Amino acid sequence: LGLDDQLVAEVVASERPDLAQQRQELVVQIAADKKTQDDLEQLILKLLAEAEGDVLKDDSLNETLDQSKKTGGECQERMAIADKAMAEIDGVRETLRPVATRASILY
């Protein structure tokens, strides 16, 4: 991060601590959802690799696929909401950027 970006973060934390906190929570949530999706993908690949015979008749694989579809859909919904919220937060951050730019000039 450059000085401007660091100062924008400080200005936002000072002027709108609620947005700074919300942004931090969204970053953590997005990372957790991406990890959940990666874990599901790895589990499915493992079950497919270990499956013997007709994979369509493997109940545990089918249950895992159904669960991963549900969980993946929930993660996608949360990530879409988080992306929208992050865009709004970034809009507010950009309105405060001139303050940070001026501070970087003074620094």
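Residues numbered from 1 in each chain as written. Predicted model: local features only at pLDDT ≥ 70, side-chain atom pairs only at ≥ 80, totals over all residues. Heavy atoms only, no water.

(A) Looking closely at the overall build of the chain. A tally of regular secondary structure across the chain gives three helices and zero strands. In sequence order, the secondary structure elements of the chain are arranged as α-α-α. Each of the three principal axes of the chain carries a C-alpha extent, and together these read 70 × 20 × 15 Å. Among the 107 residues that make up the chain, the fraction classed as buried is 26%. A fraction of 79% describes how many contacts in the chain between residues 6 or more apart in sequence connect residues 24 or more apart. (Helix = DSSP H or I, 4+ residues; strand = E, 2+ residues; numbered from the N terminus. Buried < 20%, exposed > 50% of the residue type's maximum accessible area, 1.4 Å probe, protein only. Contact = heavy atoms within 4.5 Å.)

(B) Region of the structure containing the pattern of salt bridges. Enumeration over the complete set of coordinates arrives at seven salt bridges. Here Lys-46 ties to Glu-50 by a salt bridge, and the two come within 3.9 Å at their closest N and O atoms. Here Lys-46 pairs with Glu-50, and both are found in helix 2 (residues 17-50), just four residues apart, close to one helical turn. In this structure, a network of salt bridges that share partners links the residues Asp-5, Glu-94 and Arg-97. (Salt bridge = Lys/Arg side-chain N within 4 Å of Asp/Glu carboxyl O.)

(C) Fine view of the side chain of Ser-104. Mapped onto the secondary structure, Ser-104 falls in helix 3 (residues 59-106). A distance of 2.7 Å separates the side chain of Ser-104 from the backbone oxygen of Thr-101, its partner in a polar contact. Contact partners of Ser-104, with chain neighbours within four places excluded, come to Leu-3, Asp-4 and Leu-7. (Polar contact = N/O pair within 3.5 Å; in protein donor to acceptor, adjacent residues only side chain to side chain.)

(D) Just helix 1 (residues 3-15), in detail. Between the first and last C-alpha of helix 1 there are 18 Å, a value that for 13 residues agrees with the 18 Å anticipated at 1.5 Å per step. Burial in helix 1 covers these residues: Val-8, Val-11 and Val-12. Looking straight down helix 1, one finds that the buried residues subtend no more than 100 degrees of arc, so they occupy a single side. Exposed and oriented more than 90 degrees from the buried face of helix 1 are Glu-10 and Ser-14. (Expected span 1.5 Å × (residues − 1). Arc of directions from axis to C-beta.)

(E) Highlighting the environment of Thr-101. Note on placement: Thr-101 falls in helix 3. Residues Thr-101 and Leu-3, 98 residues apart in the sequence, show an inter-C-alpha distance of 8.6 Å.

(F) Representation of the packing of helix 1 against helix 2. Look at helix 1 against helix 2: their axes get within 5 Å of each other, and the N-to-C directions meet at 120 degrees. With respect to each other, helix 1 and helix 2 are oriented oblique. Facing helix 1, whose interface residues are Val-12, Ala-13, Ser-14 and Glu-15, helix 2 presents Pro-17, Leu-19 and Ala-20. Its residues assigned to classes, the contact of helix 1 with helix 2 shows five nonpolar, one polar and one charged. (Axes fitted to C-alpha atoms, helices over the stretch in contact; angles between N-to-C directions. Parallel < 35°, antiparallel > 145°, perpendicular 65-115°, else oblique. Nonpolar A, V, L, I, M, F, W, Y, C, P; charged D, E, K, R; others polar.)

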